[in-house]
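# Secondary and tertiary structure notes
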Amino acid sequence: MRWENLAPDSGHSRADAALFGADAVTTRTFDTPEFAGITFHEVRARSVLDRVPGASRMPFEWTLNPYRGCTHACVYCFARKSHGYLDLDTGVGFDSQIVVKVNAPDVLRRQLAARRWQGEHVAVGTNVDCYQRAEGRYRLMPGILAALRDHANPFSLLTKGTLVLRDLELLRQAAEVTDVGVSVSVGFTDTGLWRTVEPGTPAPERRLEVVRTLAAHGIGCGVLMAPVIPFLGDRPEQLRATVRAIAAAGATSVTPLVLHLRPGAREWFASWLGRHHPHLVNRYERLYAEGSYAPKWYQRRITRQVHDLAREYGIGPARAELPRRLRSAGHPGAGPPDHGSPVSGSSSGAPVPRHTGPCPSGPTRLSLL
Ligand code: SF4
(Lines give C-alpha, C1' and ligand atoms only; values in the text may rest on other atoms or scores of the structure.)
Protein backbone atom coordinates (compact mmCIF):
# COMPACT_ATOMS: atom_id res chain seq x y z
CA MET A 1 0.00 0.00 0.00
CA ARG A 2 1.44 3.36 -0.91
CA TRP A 3 0.90 6.27 1.34
CA GLU A 4 0.36 8.67 -1.54
CA ASN A 5 -2.70 6.76 -2.59
CA LEU A 6 -4.42 6.94 0.75
CA ALA A 7 -7.16 9.36 1.62
CA PRO A 8 -6.03 12.39 3.65
CA ASP A 9 -7.82 11.09 6.74
CA SER A 10 -6.50 7.57 6.47
CA GLY A 11 -4.04 8.04 9.31
CA HIS A 12 -1.05 7.68 7.03
CA SER A 13 1.51 10.37 6.65
CA ARG A 14 4.53 11.37 4.66
CA ALA A 15 6.65 10.10 7.51
CA ASP A 16 5.39 6.56 6.98
CA ALA A 17 7.17 6.62 3.70
CA ALA A 18 10.17 8.51 4.96
CA LEU A 19 10.88 6.07 7.75
CA PHE A 20 9.68 2.72 6.60
CA GLY A 21 9.56 2.80 2.84
CA ALA A 22 6.64 3.83 0.69
CA ASP A 23 5.57 0.27 -0.04
CA ALA A 24 5.74 -0.99 3.49
CA VAL A 25 2.74 0.43 5.34
CA THR A 26 -0.51 -1.40 5.91
CA THR A 27 -3.13 0.09 8.19
CA ARG A 28 -5.47 -2.06 10.26
CA THR A 29 -8.13 -1.68 12.88
CA PHE A 30 -9.70 -4.50 14.87
CA ASP A 31 -13.32 -4.87 15.93
CA THR A 32 -12.59 -6.12 19.42
CA PRO A 33 -13.37 -3.87 22.41
CA GLU A 34 -9.73 -4.13 23.46
CA PHE A 35 -8.61 -2.30 20.34
CA ALA A 36 -11.52 0.09 19.87
CA GLY A 37 -10.32 3.38 18.47
CA ILE A 38 -6.79 2.11 17.84
CA THR A 39 -5.16 2.09 14.43
CA PHE A 40 -2.18 -0.11 13.70
CA HIS A 41 0.35 0.82 11.05
CA GLU A 42 2.12 -2.38 10.09
CA VAL A 43 5.53 -1.75 8.62
CA ARG A 44 8.38 -3.93 7.43
CA ALA A 45 11.50 -2.52 9.00
CA ARG A 46 14.87 -2.70 7.31
CA SER A 47 16.68 -2.74 10.63
CA VAL A 48 15.52 -3.17 14.22
CA LEU A 49 18.74 -2.60 16.15
CA ASP A 50 19.20 1.11 16.76
CA ARG A 51 22.41 2.59 18.00
CA VAL A 52 22.05 5.15 20.76
CA PRO A 53 23.72 8.40 19.72
CA GLY A 54 27.15 8.82 21.24
CA ALA A 55 26.14 11.94 23.13
CA SER A 56 23.24 10.18 24.85
CA ARG A 57 23.36 9.69 28.60
CA MET A 58 21.68 6.31 28.24
CA PRO A 59 23.66 3.46 29.77
CA PHE A 60 23.31 1.20 26.74
CA GLU A 61 24.39 1.36 23.18
CA TRP A 62 21.86 -0.70 21.27
CA THR A 63 18.10 -0.63 21.52
CA LEU A 64 15.26 -2.56 19.95
CA ASN A 65 11.70 -1.25 19.84
CA PRO A 66 9.17 -3.35 17.94
CA TYR A 67 6.44 -0.72 18.41
CA ARG A 68 6.08 3.02 18.26
CA GLY A 69 3.27 4.71 20.14
CA CYS A 70 1.84 3.05 23.25
CA THR A 71 -1.70 2.22 24.28
CA HIS A 72 -0.65 2.38 27.91
CA ALA A 73 -1.19 6.10 27.39
CA CYS A 74 0.81 7.41 30.33
CA VAL A 75 0.30 11.15 30.48
CA TYR A 76 3.96 11.83 31.21
CA CYS A 77 5.47 9.53 28.55
CA PHE A 78 8.64 11.05 27.19
CA ALA A 79 8.31 9.00 24.00
CA ARG A 80 5.41 11.14 22.79
CA LYS A 81 7.84 13.45 21.10
CA SER A 82 9.15 10.65 18.91
CA HIS A 83 5.67 10.16 17.45
CA GLY A 84 6.01 13.63 16.01
CA TYR A 85 8.99 12.43 13.98
CA LEU A 86 6.50 10.25 12.09
CA ASP A 87 4.16 13.18 11.52
CA LEU A 88 1.79 11.52 13.98
CA ASP A 89 0.03 13.33 16.81
CA THR A 90 1.94 13.25 20.08
CA GLY A 91 -1.18 13.39 22.25
CA VAL A 92 -4.13 11.09 21.56
CA GLY A 93 -2.32 9.92 18.44
CA PHE A 94 0.53 8.53 20.51
CA ASP A 95 -1.98 6.46 22.47
CA SER A 96 -3.98 5.24 19.49
CA GLN A 97 -1.80 5.21 16.33
CA ILE A 98 0.55 2.32 16.87
CA VAL A 99 3.36 1.48 14.48
CA VAL A 100 4.13 -2.25 14.42
CA LYS A 101 7.36 -3.60 12.95
CA VAL A 102 5.81 -6.88 11.93
CA ASN A 103 9.05 -8.40 10.67
CA ALA A 104 11.06 -7.50 13.77
CA PRO A 105 11.93 -11.09 14.83
CA ASP A 106 13.20 -12.04 11.36
CA VAL A 107 15.18 -8.85 10.90
CA LEU A 108 16.70 -9.20 14.36
CA ARG A 109 17.76 -12.76 13.65
CA ARG A 110 19.45 -11.61 10.47
CA GLN A 111 21.20 -8.72 12.21
CA LEU A 112 22.43 -10.89 15.08
CA ALA A 113 23.92 -13.32 12.58
CA ALA A 114 25.79 -10.62 10.67
CA ARG A 115 29.57 -10.88 10.92
CA ARG A 116 29.94 -7.29 12.01
CA TRP A 117 27.63 -7.74 15.01
CA GLN A 118 29.76 -8.06 18.15
CA GLY A 119 27.15 -9.45 20.53
CA GLU A 120 26.61 -6.21 22.42
CA HIS A 121 23.92 -5.80 25.04
CA VAL A 122 20.52 -4.96 23.55
CA ALA A 123 18.01 -2.94 25.56
CA VAL A 124 14.51 -3.95 24.46
CA GLY A 125 11.55 -1.60 24.73
CA THR A 126 13.51 1.47 25.66
CA ASN A 127 11.34 3.91 23.80
CA VAL A 128 7.89 2.40 24.30
CA ASP A 129 6.56 -0.66 26.09
CA CYS A 130 7.23 -3.88 24.19
CA TYR A 131 4.46 -5.62 26.18
CA GLN A 132 1.72 -3.12 25.52
CA ARG A 133 -1.67 -4.49 24.46
CA ALA A 134 -0.73 -4.75 20.78
CA GLU A 135 1.76 -7.46 21.68
CA GLY A 136 -1.11 -9.74 22.63
CA ARG A 137 -2.18 -9.73 19.00
CA TYR A 138 1.09 -9.36 17.10
CA ARG A 139 3.20 -11.65 19.28
CA LEU A 140 6.55 -10.19 18.23
CA MET A 141 8.35 -10.68 21.53
CA PRO A 142 8.52 -14.50 21.48
CA GLY A 143 10.40 -14.38 18.18
CA ILE A 144 12.64 -11.59 19.46
CA LEU A 145 13.47 -13.43 22.68
CA ALA A 146 14.07 -16.66 20.79
CA ALA A 147 16.49 -14.90 18.43
CA LEU A 148 18.39 -13.36 21.37
CA ARG A 149 18.45 -16.74 23.10
CA ASP A 150 19.68 -18.60 20.04
CA HIS A 151 22.52 -16.11 19.61
CA ALA A 152 23.24 -16.02 23.35
CA ASN A 153 23.03 -12.25 23.08
CA PRO A 154 22.75 -10.33 26.38
CA PHE A 155 19.70 -8.15 26.73
CA SER A 156 17.43 -6.33 29.14
CA LEU A 157 13.81 -5.32 29.03
CA LEU A 158 11.56 -3.01 30.99
CA THR A 159 7.80 -3.09 31.00
CA LYS A 160 4.57 -2.13 32.69
CA GLY A 161 2.81 -4.99 30.90
CA THR A 162 1.71 -8.20 32.57
CA LEU A 163 1.97 -9.94 29.21
CA VAL A 164 5.66 -10.48 29.86
CA LEU A 165 4.63 -13.52 31.92
CA ARG A 166 3.49 -15.22 28.73
CA ASP A 167 7.16 -15.37 27.73
CA LEU A 168 8.50 -16.52 31.05
CA GLU A 169 9.82 -19.79 29.69
CA LEU A 170 11.70 -18.03 26.90
CA LEU A 171 13.26 -15.67 29.42
CA ARG A 172 14.39 -18.63 31.47
CA GLN A 173 15.89 -20.32 28.45
CA ALA A 174 17.70 -17.15 27.41
CA ALA A 175 19.04 -16.68 30.92
CA GLU A 176 20.68 -20.09 30.73
CA VAL A 177 22.92 -18.95 27.91
CA THR A 178 23.37 -15.20 28.38
CA ASP A 179 22.84 -12.25 30.72
CA VAL A 180 19.19 -11.26 30.94
CA GLY A 181 17.80 -8.33 32.85
CA VAL A 182 14.14 -7.73 33.57
CA SER A 183 12.63 -4.67 35.20
CA VAL A 184 9.06 -3.62 35.87
CA SER A 185 8.08 0.01 36.22
CA VAL A 186 5.98 0.98 39.27
CA GLY A 187 6.27 4.61 40.30
CA PHE A 188 3.53 4.56 42.96
CA THR A 189 0.78 2.37 44.32
CA ASP A 190 -1.90 5.07 44.66
CA THR A 191 -4.78 3.70 42.56
CA GLY A 192 -6.49 7.06 42.18
CA LEU A 193 -3.37 8.57 40.68
CA TRP A 194 -2.81 5.50 38.53
CA ARG A 195 -6.27 5.68 36.93
CA THR A 196 -5.78 9.20 35.70
CA VAL A 197 -2.10 9.37 34.88
CA GLU A 198 -1.47 5.86 33.50
CA PRO A 199 -4.95 5.02 32.20
CA GLY A 200 -3.99 2.21 29.82
CA THR A 201 -1.62 0.30 32.08
CA PRO A 202 -2.25 -2.68 34.32
CA ALA A 203 -2.76 -1.57 37.93
CA PRO A 204 0.39 -1.21 40.03
CA GLU A 205 -0.58 -4.24 42.09
CA ARG A 206 -0.83 -6.36 38.96
CA ARG A 207 2.61 -5.20 37.89
CA LEU A 208 3.95 -6.18 41.27
CA GLU A 209 2.35 -9.57 40.74
CA VAL A 210 4.58 -9.86 37.71
CA VAL A 211 7.61 -9.21 39.90
CA ARG A 212 6.35 -11.82 42.36
CA THR A 213 5.76 -14.42 39.66
CA LEU A 214 9.11 -13.85 38.01
CA ALA A 215 10.84 -14.18 41.36
CA ALA A 216 8.95 -17.40 42.06
CA HIS A 217 10.35 -18.78 38.82
CA GLY A 218 13.91 -17.81 39.63
CA ILE A 219 13.98 -14.68 37.52
CA GLY A 220 15.19 -11.73 39.52
CA CYS A 221 13.29 -8.60 38.67
CA GLY A 222 14.12 -5.02 39.60
CA VAL A 223 11.59 -2.25 39.92
CA LEU A 224 12.08 1.09 38.29
CA MET A 225 10.19 3.34 40.69
CA ALA A 226 9.25 5.81 38.00
CA PRO A 227 8.08 8.33 37.82
CA VAL A 228 7.88 9.75 41.29
CA ILE A 229 5.41 12.56 40.59
CA PRO A 230 6.00 15.75 42.58
CA PHE A 231 3.18 16.84 44.93
CA LEU A 232 1.02 13.90 43.84
CA GLY A 233 3.07 10.83 44.61
CA ASP A 234 5.96 12.03 46.73
CA ARG A 235 4.57 12.25 50.25
CA PRO A 236 6.62 10.20 52.73
CA GLU A 237 3.73 7.83 53.37
CA GLN A 238 3.26 7.31 49.63
CA LEU A 239 6.93 6.55 49.11
CA ARG A 240 6.84 4.18 52.05
CA ALA A 241 3.77 2.33 50.79
CA THR A 242 5.32 1.94 47.36
CA VAL A 243 8.71 0.71 48.54
CA ARG A 244 7.04 -1.62 51.04
CA ALA A 245 4.91 -3.14 48.25
CA ILE A 246 7.92 -3.45 45.97
CA ALA A 247 9.85 -5.24 48.69
CA ALA A 248 6.92 -7.52 49.47
CA ALA A 249 6.77 -8.52 45.81
CA GLY A 250 10.35 -9.77 46.02
CA ALA A 251 12.02 -7.18 43.81
CA THR A 252 15.79 -7.46 43.68
CA SER A 253 16.29 -3.71 43.49
CA VAL A 254 14.42 -0.43 43.41
CA THR A 255 15.56 2.49 41.31
CA PRO A 256 13.76 5.80 41.93
CA LEU A 257 13.36 8.28 39.12
CA VAL A 258 11.67 11.65 39.48
CA LEU A 259 9.30 12.81 36.77
CA HIS A 260 11.03 14.56 33.92
CA LEU A 261 9.13 16.65 31.43
CA ARG A 262 10.90 17.04 28.16
CA PRO A 263 9.26 18.82 25.26
CA GLY A 264 6.48 16.66 23.88
CA ALA A 265 5.70 15.14 27.26
CA ARG A 266 5.68 18.50 28.96
CA GLU A 267 2.78 19.92 26.97
CA TRP A 268 0.62 16.88 27.46
CA PHE A 269 1.36 16.62 31.16
CA ALA A 270 0.74 20.34 31.65
CA SER A 271 -2.63 20.02 29.99
CA TRP A 272 -3.54 17.08 32.21
CA LEU A 273 -2.35 18.90 35.31
CA GLY A 274 -4.41 21.95 34.45
CA ARG A 275 -7.54 19.83 34.18
CA HIS A 276 -7.03 17.50 37.12
CA HIS A 277 -4.94 19.51 39.59
CA PRO A 278 -5.12 23.19 38.63
CA HIS A 279 -4.00 24.24 42.10
CA LEU A 280 -0.60 22.64 41.39
CA VAL A 281 0.14 24.46 38.18
CA ASN A 282 2.09 27.28 39.80
CA ARG A 283 4.11 24.89 41.91
CA TYR A 284 5.04 22.88 38.83
CA GLU A 285 6.04 26.00 36.98
CA ARG A 286 8.43 26.81 39.77
CA LEU A 287 9.77 23.28 40.18
CA TYR A 288 10.44 22.85 36.47
CA ALA A 289 11.45 26.46 35.84
CA GLU A 290 14.95 25.43 34.79
CA GLY A 291 13.91 22.92 32.16
CA SER A 292 12.90 19.30 31.81
CA TYR A 293 14.15 18.08 35.16
CA ALA A 294 13.23 18.82 38.73
CA PRO A 295 16.05 20.51 40.65
CA LYS A 296 18.91 18.36 41.87
CA TRP A 297 18.01 19.01 45.51
CA TYR A 298 14.57 17.56 44.91
CA GLN A 299 15.89 14.53 43.04
CA ARG A 300 18.45 13.87 45.76
CA ARG A 301 15.80 14.12 48.44
CA ILE A 302 13.59 11.55 46.75
CA THR A 303 16.50 9.24 46.02
CA ARG A 304 17.68 9.40 49.62
CA GLN A 305 14.20 8.70 50.97
CA VAL A 306 13.70 5.74 48.67
CA HIS A 307 17.13 4.32 49.40
CA ASP A 308 16.53 4.61 53.14
CA LEU A 309 13.20 2.85 52.78
CA ALA A 310 14.73 0.19 50.57
CA ARG A 311 17.30 -0.56 53.26
CA GLU A 312 14.58 -0.62 55.88
CA TYR A 313 12.57 -3.14 53.89
CA GLY A 314 15.58 -5.23 53.00
CA ILE A 315 15.87 -4.69 49.29
CA GLY A 316 19.49 -5.17 48.47
CA PRO A 317 22.20 -7.76 48.30
CA ALA A 318 20.69 -9.93 51.01
CA ARG A 319 17.65 -10.41 48.81
CA ALA A 320 19.56 -10.94 45.63
CA GLU A 321 20.01 -14.66 45.56
CA LEU A 322 19.84 -14.76 41.83
CA PRO A 323 20.90 -17.35 39.34
CA ARG A 324 24.20 -16.38 37.79
CA ARG A 325 22.77 -15.00 34.59
CA LEU A 326 19.53 -13.53 35.85
CA ARG A 327 19.68 -9.93 36.86
CA SER A 328 17.13 -7.28 37.39
CA ALA A 329 17.61 -4.93 34.53
CA GLY A 330 16.95 -1.35 33.96
CA HIS A 331 15.79 -0.20 30.67
CA PRO A 332 17.34 2.25 28.53
CA GLY A 333 14.00 3.96 28.43
CA ALA A 334 13.83 4.55 32.11
CA GLY A 335 16.10 7.47 32.28
CA PRO A 336 19.54 8.85 32.28
CA PRO A 337 21.91 7.07 34.62
CA ASP A 338 22.27 10.01 36.94
CA HIS A 339 18.56 9.93 37.56
CA GLY A 340 18.18 6.27 38.15
CA SER A 341 21.11 4.71 39.84
CA PRO A 342 20.25 1.44 41.53
CA VAL A 343 19.92 1.20 45.26
CA SER A 344 23.25 0.60 46.86
CA GLY A 345 24.08 -3.03 46.77
CA SER A 346 21.29 -3.92 44.42
CA SER A 347 21.82 -6.73 42.02
CA SER A 348 20.85 -4.60 39.12
CA GLY A 349 23.77 -4.71 36.83
CA ALA A 350 21.93 -3.96 33.63
CA PRO A 351 21.16 -0.60 32.16
CA VAL A 352 17.97 1.14 33.17
CA PRO A 353 15.51 2.08 30.40
CA ARG A 354 13.47 5.20 30.28
CA HIS A 355 9.92 4.94 29.33
CA THR A 356 8.10 7.36 31.47
CA GLY A 357 5.94 9.77 29.58
CA PRO A 358 2.44 12.28 29.25
CA CYS A 359 -1.46 12.53 27.83
CA PRO A 360 -3.84 14.36 25.52
CA SER A 361 -6.28 17.03 26.11
CA GLY A 362 -7.41 20.54 25.66
CA PRO A 363 -5.52 23.76 25.49
CA THR A 364 -3.44 24.96 28.33
CA ARG A 365 -1.73 28.22 29.05
CA LEU A 366 0.88 26.89 31.42
CA SER A 367 4.26 28.39 31.00
CA LEU A 368 5.45 24.90 31.72
CA LEU A 369 5.19 24.57 27.98
S1 SF4 B 1 5.65 5.41 29.86
FE2 SF4 B 1 6.03 3.37 28.97
S3 SF4 B 1 4.12 2.27 29.34
FE4 SF4 B 1 3.65 4.44 29.59
S5 SF4 B 1 2.92 5.15 27.59
FE6 SF4 B 1 5.14 5.52 27.66
S7 SF4 B 1 6.04 3.71 26.75
FE8 SF4 B 1 3.95 3.18 27.29
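The structure displayed is predicted, hence computed values, not measured ones.

### Brief notes about the overall build of the protein chain
Of regular secondary structure, the protein chain possesses 13 helices and 12 strands. Within the span of the protein chain, comprising 369 residues, buried residues form 50% of the whole. For the protein chain, restricting intrachain contacts to residue pairs at least 6 apart in sequence, the fraction spanning at least 24 positions comes to 80%.

### Description of the sheet that holds strand β2 (residues 39–43)
The mixed open sheet is built from four strands, whose spatial order is β1-β2-β6-β5. Strand pairing shows two members of the sheet lacking a second neighbour, β1 (26–28) and β5 (67–68), which therefore form its edges. Note: β2 against strand β6 (residues 97–101), five bridges, orientation parallel. By the bridge assignment for β6, H41 is matched with V99.

### Notes on the packing of helix α6 (residues 141–150) against helix α7 (residues 168–175)
Working note: a packed helix pair is described by the angle between its axes plus the distance between those axes. Their axes nearest at 9 Å, the elements α6 and α7 cross at an angle of 15°. As summarised for this structure, α6 and α7 are arranged roughly parallel, according to the angle between their axes. Relative to α7, the crossing made by α6 is left-handed. Of the residues in α7, those in contact with P142, L145, A146, L148 and R149 of α6 are L170, L171, Q173 and A174.

### So, helix α11 (residues 265–276)
Between its first and last C-alpha, α11 extends 16 Å over 12 residues, near the 16 Å set by a 1.5 Å rise per residue. The element α11 is largely enclosed, with a buried count of nine among its 12 residues. Buried residues of α11: A265, R266, E267, W268, F269, A270, S271, W272 and L273, and no others. At its buried positions, α11 is contacted by α2 (80–84) and α12 (281–287).

### Quick notes on the pairing of strand β10 (residues 221–228)
The buried fraction of β10 amounts to eight of the eight residues, a majority that puts the element mostly inside the structure. Alignment of strand β9 (residues 180–185) against β10, held across four bridges, turns out to be parallel. For S183, the partnering residue across the bridge sits in β10 and is G222. Pairing geometry for β10 and strand β11 (residues 254–258), over four bridges, is parallel. The residue of β11 that forms the bridge with M225 is P256. In terms of handedness, the path from β10 via helix α10 (residues 236–248) over to β11 forms a crossover that is right-handed.

Analysis parameters
Residues numbered from 1 in each chain as written. Predicted model: local features only at pLDDT ≥ 70, side-chain atom pairs only at ≥ 80, totals over all residues. Helix = DSSP H or I, 4+ residues; strand = E, 2+ residues; numbered from the N terminus. Buried ≥ 20, exposed ≤ 12 C-beta atoms within 10 Å, placed from the backbone. Contact = placed C-beta atoms within 7 Å. Pairing = 2+ DSSP bridges. Axes fitted to C-alpha atoms, helices over the stretch in contact; angles between N-to-C directions. Parallel < 35°, antiparallel > 145°, perpendicular 65-115°, else oblique. Left-handed = near helix turned anticlockwise from the far one by under 90°. Expected span 1.5 Å × (residues − 1). Right-handed = clockwise from strand over helix to strand, strands pointing away.

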